[in-house]
Amino acid sequence: MKTFFLICVALVSTPLADAQEISPADHPVDSMTKVKFALAIHGGAGTIERGKITAQREQEYRAGLESSLKAGYEILKNGGSSLDATEAAVRVLEDDPHFNAGKGAVFTSAGTNELDAAVMDGKTLRAGAVAVLQHIRNPVSLARMVMEDSPHVMLSGEGAEKFAVEHGVKLVDQKYFFTQERWDALQRMKAAEKNRHAASTITDQDRHGTVGAVALDQQGNLAAATSTGGTTNKLPGRVGDSPIIGSGTYANNATCAVSATGDGEYFIRATVGHDISALMEYRGMKLAEAAQTVLDKVAKLGGAGGLIAIDQNGQITLPFNTAGMYRGQIDADGKFAIEIYK
Ligand code: ASP
């Protein structure tokens, strides 16, 4: 693993470096047995422009993405499942206040935090989702519990939290989710509602963000996981695309695994995840073309954002129609990259 860390450090300290090879010894892709695994993650898309983020801040985002990739990669490398890897990668980002999920969740118009998440297992097409959570530190893990320990696909609000307690999950106070930055963003959004001039100061960073992971494991199984605080100033009770199976999250071994980020309402209407899968399944389209086709559909509706997707061969695509998207990947050839801008 030494090389992995060295590469990570090199990338973190060299923002322009986009991709480097991991030594074959560190990434056991065996061309004879064709054992492959790969992982991609995202931390939200939006008006993320070079020069608008300080070097220090960029470093912090890169460090968060690197820890997330590392958590998922370790599991895949040791033969673990794509489901475990995506959950682990997302949990790291949920615990990182820089990203709009878990700890760093944005505020609703009522000044509360409401979190959504989902997981999907491409092998069985089983899925679990949670929405409108107010006291769950790691919504992605609760989504997985809904999938594995309940007869349902989605639980929301109080019922979801009651289910969590019954399954041994400790609730956290809403205070846990407070970050000054997200609170200030809510105040700016509220000011912008009253004053058009103030609206020009609002960035996508203020507005939304999401985290997600997709993976292929050594057994050839795909999985996807997504977690979000949703959109700043959303009405209480609003649910975005992230926990909607077939929209912000989808996985099917026959096609691909997808996790999306962006204007949730548009991603729901475009049924993004399943549409990509359907283009591959019914039209025989390749992953990258299918993903771009559906993202173009989102743009046509007026939506902005991006997605990460992976197929059965470990091919990865990370398209977005915004200025940037926090993203990282370790592909089936062992190529490792963390990127932010276009
Ligand atoms: N898609 C998320 C939502 O609408 C937000 C985002 O990804 O930026 O809840």
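Each chain has its residues counted from 1, following the order in which its sequence is written. Two thresholds apply to this predicted model, a pLDDT of at least 70 for residue-level local features and 80 or more for giving and counting side-chain atom pairs, whereas whole-chain, interface and lining totals are computed over all residues. The side-chain figures draw on all heavy atoms in the structure; neither hydrogens nor water molecules are used.

### What about the pattern of salt bridges?
- A pair is scored as a salt bridge if a Lys or Arg side-chain nitrogen falls within 4 Å of a carboxyl oxygen belonging to Asp or Glu. Counted according to the given criterion, the structure contains 10 salt bridges.
- For R238, the salt bridge is made with E265, and the minimal N-O distance between the two is 2.8 Å. Within this pair, whereas R238 is found in the loop between β7 (222-228) and β8 (249-251), its partner E265 is found in helix α9 (residues 264-269), the two being separated by 27 residues in sequence.
- Each residue gets one of three labels from its accessible area relative to the maximum for its type: buried under 20%, exposed over 50%, partly exposed in between, using a 1.4 Å probe on protein chains only. Here R238 falls in the buried class, since its relative accessible area comes to 14%.
- Taken together, the shared-partner salt bridges in this structure form one network comprising D84, E87, R144 and E148. Helix and strand definitions here come from DSSP, where helices need a minimum of 4 consecutive H or I residues and strands a minimum of 2 consecutive E residues; each element is numbered from the N-terminal end.

### A look at the sheet that holds strand β10 (residues 305-311)
- Pairing within the open sheet is antiparallel, and its 4 strands lie in the order β8-β9-β10-β11. Edge strands, defined here as strands with exactly one partner in the open sheet, are β8 and β11 (316-317).
- Note: strand β9 (residues 256-262) against β10, 7 bridges, orientation antiparallel. Residue pairing for β10: T261 is matched across the bridge by G306.
- Here, two residues are considered to be in contact whenever any of their heavy atoms come within 4.5 Å of each other. Each axis is a line fitted through C-alpha atoms, taken for helices only over the stretch in contact, and angles between the N-to-C directions span 0 to 180 degrees. Contacts from helix α10 (residues 272-283) reach β8, β9 and β10 within the one sheet, and its direction differs from that of β9 by about 145 degrees. In this description, strands pair whenever DSSP reports at least two bridges between them.

### Let's talk about the environment of H135
- Take H135: it is sitting in the loop between β4 (126-133) and α4 (139-149).
- Classification of H135 as partly exposed rests on a relative accessible area of 25%.
- On a C-alpha basis, the gap between H135 and K175 in space is 9.3 Å, while along the polypeptide they are 40 residues apart.
- Residue contacts for H135: discarding those within four places in its chain leaves E161, K170, L171, V172, D173, Q174 and F177.

### Let's talk about the environment of N253
- Summarising the element assignment, N253 is placed in the loop between β8 and β9.
- As for N253 and D121, which are separated by 132 residues in sequence, their C-alpha atoms are 8.3 Å apart.
- Setting aside chain neighbours within four positions, we find N253 in contact with G122, K123, G220, N221, L222 and Q312.
- Side chain to side chain, N253 and N221 meet in a polar contact 2.7 Å long. In protein, a polar contact requires one atom able to donate a hydrogen and another able to accept it; more generally it is a pair of N or O atoms within 3.5 Å, and residues adjacent in sequence count only if both atoms are side-chain atoms.

### What to know about the packing of helix α3 (residues 82-94) against α4
- Put simply, α3 and α4 touch, their axes get as near as 8 Å, and they point 150 degrees apart. One finds that α3 runs roughly antiparallel with respect to α4. For the pair α3 and α4, contact is made by L83, D84, E87, V90, R91 and E94 and by P139, V140, S141, R144, M147 and E148, respectively.
- Gly falls in the polar group here, along with every residue not listed as nonpolar (Ala, Val, Leu, Ile, Met, Phe, Trp, Tyr, Cys, Pro) or charged (Asp, Glu, Lys, Arg). Partitioning the contact of α3 with α4 into residue classes produces 5 nonpolar, 1 polar and 6 charged. Oblique is the label for every angle not falling under 35 degrees (roughly parallel), over 145 degrees (roughly antiparallel), or within 65 to 115 degrees (roughly perpendicular).

### Considerations on the site of the ligand
- In these notes, residues near a molecule or strand are those with any non-hydrogen atom within 4 Å of it. H208, G209, T210, G230, T231, R238, G240, D241, T261, G262 and G264 make up every residue found near the ligand.
- In this structure, G264 approaches the ligand through a main-chain N or O atom, which is 3.1 Å from an oxygen atom.
- Protein chains shield 100% of the accessible area of the ligand, which is 270 Å² for the free molecule.
- Along the lines of polarity and charge, the residues of the shell around the ligand split into no nonpolar, 9 polar and 2 charged. What sets the accessible areas is the Shrake-Rupley method with a 1.4 Å probe; for residues, cover comes only from the shown protein chains.

### Notes on the pairing of β10
- Of all 7 residues making up β10, 7 are buried, and the element is well covered by its neighbours.
- Taking every second residue as pointing to the same face, both faces of β10 are buried, with G305, L307, A309 and D311 on one and G306, I308 and I310 on the other.
- Count of turn residues in the β10/β11 antiparallel hairpin: 4 residues, of which G314 carries a positive phi of about 85 degrees.

### Things to note about the confidence of the model for the protein chain
- What pLDDT expresses is the predictor's confidence in each residue, scored from 0 to 100. Summary statistics for the protein chain give a mean pLDDT of 89 and a share of 88% for residues scoring 70 or more.
- Mean pLDDT values over the elements of the protein chain span from 37, in helix α1 (residues 2-13), up to 99, in β8.
- Here residues 1-25 is modelled with pLDDT under 50, and outside its nearest four sequence neighbours on either side it reaches 54 contacts, counting other chains as well.

### Overview of the packing of aromatic side chains
- Two aromatic rings, drawn from Phe, Tyr or Trp (for Trp, its six-membered ring), form a pair once their centres lie within 6.5 Å of each other, and the interplanar angle then sorts them: stacked below 30 degrees, edge-to-face above 60, tilted otherwise. Counting across every chain of the model gives 8 aromatic pairs.
- Centre to centre, the rings of F37 and Y73 are 5.8 Å apart; their planes meet at 50 degrees, and the pair counts as tilted. With F37 in the loop between β1 (20-21) and β2 (38-46) and Y73 in helix α2 (residues 55-77), this pair connects stretches of sequence that are 36 residues apart. Of the two residues, F37 and Y73, both sit in the buried class.
- Measuring from ring centre to ring centre gives 5.0 Å for F107 and W183, while their planes differ by 85 degrees; the resulting arrangement is edge-to-face. Linking F107 in the loop between α3 and β3 (115-121) with W183 in helix α6 (residues 180-194), this pair joins segments that are 76 residues apart in sequence.
- Residue class for F107 comes out buried when judged on its relative accessible area of 3%.
- Aromatic ring contacts, followed pair by pair, group Y61, F99 and Y326 into a single cluster.

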